[in-house]
Amino acid sequence: MFVEAFYDFLVKRQSVPEQEAFYQYYLEFNKPFFDSLNRPDLESGIKARAYRAYPSLVRDICFNKYIDERIGTKCQVVYNTKLDIEEGVDLMIVTNRNNYGICFFTKTKRAEQGRKAKENRHTLFDNVRYVEMPLKFKGKGKKDAIFLYGEKEYAELYQKLKNLAKEQAK
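Only a predicted model underlies this, so the values are computations on that prediction, with no experimental measurement involved.

Calculation notes
- Residues numbered from 1 in each chain as written.
- Predicted model: local features only at pLDDT ≥ 70, side-chain atom pairs only at ≥ 80, totals over all residues.
- Heavy atoms only, no water.
- Pairing = 2+ DSSP bridges.
- Helix = DSSP H or I, 4+ residues; strand = E, 2+ residues; numbered from the N terminus.
- Axes fitted to C-alpha atoms, helices over the stretch in contact; angles between N-to-C directions.
- Contact = heavy atoms within 4.5 Å.
- Buried < 20%, exposed > 50% of the residue type's maximum accessible area, 1.4 Å probe, protein only.
- Core = buried A, V, L, I, M, F, W, Y, C linked by side-chain atoms within 4.5 Å.
- Polar contact = N/O pair within 3.5 Å; in protein donor to acceptor, adjacent residues only side chain to side chain.

Undergrad: Tell me about the sheet that holds strand β4 (residues 129-135), and name the residues and values.
TA: Strand order in the open sheet made by the four strands is β1-β2-β3-β4, with mixed pairing throughout. Edge strands, defined here as strands with exactly one partner in the open sheet, are β1 (76-78) and β4. Strand-to-strand twist of the sheet, defined as the mean angle between neighbouring strand axes without regard to direction, takes the value 25°. Relative to β4, strand β3 (residues 99-106) runs parallel, the two sharing seven bridges. When the sheet's bridge partners are listed, C103 is paired in β4 with E132. Packed on one face of the sheet, helix α4 (residues 43-71) meets β1, β2 (91-94), β3 and β4 and runs near 140° to β3.

Shown next as structure tokens:
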């Protein structure tokens, strides 16, 4: 799991790590586990996976913060690693009437395969309305950039939540 190491870095260092710094921190964070494996042959695969996970981790924390700042006191914005890892919820938005579990992912073949594989991994909460938020890369820029959710995606999320609230009011 990369999430725990990433958020541990954020809390302890009060900053978002660069990609290589994150990878090194991840190795240190999990050192007892890797030492017990005694499998140095796995390092290149672990590094590749950490590098693939990094943009998603940065994207999620930036958008969570963006939403929190935009929403203000209108409702509660909740993120924690337990919700993310154990329940598959990247962000919980709690209003007076509803709990919305937001699931962020990129609109790519690999991400969609991953979502499909995780489909039955979590037991859904009865009191949560789940909202899928795919990020489409089309026309977003250069190859190695980290694409972030922004105003367009915020407006899309806001509209989805508004529509869900209207549905429930009927």
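So, next bit.
Undergrad: So what's going on with the side chain of N64? Residues and values would help.
TA: Structurally, N64 is set in helix α4. N64 sits in the buried class, given a relative accessible area of 5%. Setting aside its immediate chain neighbours within four residues, N64 contacts Y7, V77, Y79, D90, L91 and F104.

Undergrad: Any chance you could break down the nonpolar core for me, citing the residues and the numbers?
TA: Burial of nonpolar side chains together is a common tendency in soluble globular proteins. One finds I67, I93, I102, F104, V131 and L157 to be the most contacted residues of the largest nonpolar core, which totals 19 residues. For this core, the secondary structure elements donating two or more residues are α4, β2, β3, β4 and α7 (151-169). A total of four residues in this core trace back to one element, the largest contributor, which is α7. Those residues in contact with V131, other than ones at most four positions away along the chain, are Y100, G101, I102, C103, L157, K160, L161 and L164. The next biggest cluster of nonpolar side chains, apart from the first, holds 16 residues, and it includes Y26, I46, A53 and L57.

Undergrad: Explain the environment of T108 to me, and be specific about the residues and the numbers.
TA: The topology assignment puts T108 in the loop between β3 and α6 (109-118). Relative accessible area serves as the criterion here: at 25%, T108 is assigned to the partly exposed category. Considering only alpha carbons, one finds T108 and Y7, 101 residues apart in sequence, at a separation of 25 Å.

Undergrad: So what about the environment of L161? Which residues, and what values?
TA: Relative to the assigned elements, L161 resides in helix α7. According to the relative accessible area criterion, L161 is buried, its value standing at 14%. For the pair L161 and R129, spaced 32 residues apart in the sequence, the C-alpha separation amounts to 9.3 Å. Contacts of L161, omitting those with residues within four sequence positions, involve I93, Y100, I102 and V131.

Undergrad: Pulling in residues and values, what's your account of the side chain of N98?
TA: Position of N98 among the secondary structure elements: in the loop between β2 and β3. Within the structure, the side chain of N98 is placed 2.9 Å from the side chain of Y100, a separation counted as a polar contact.

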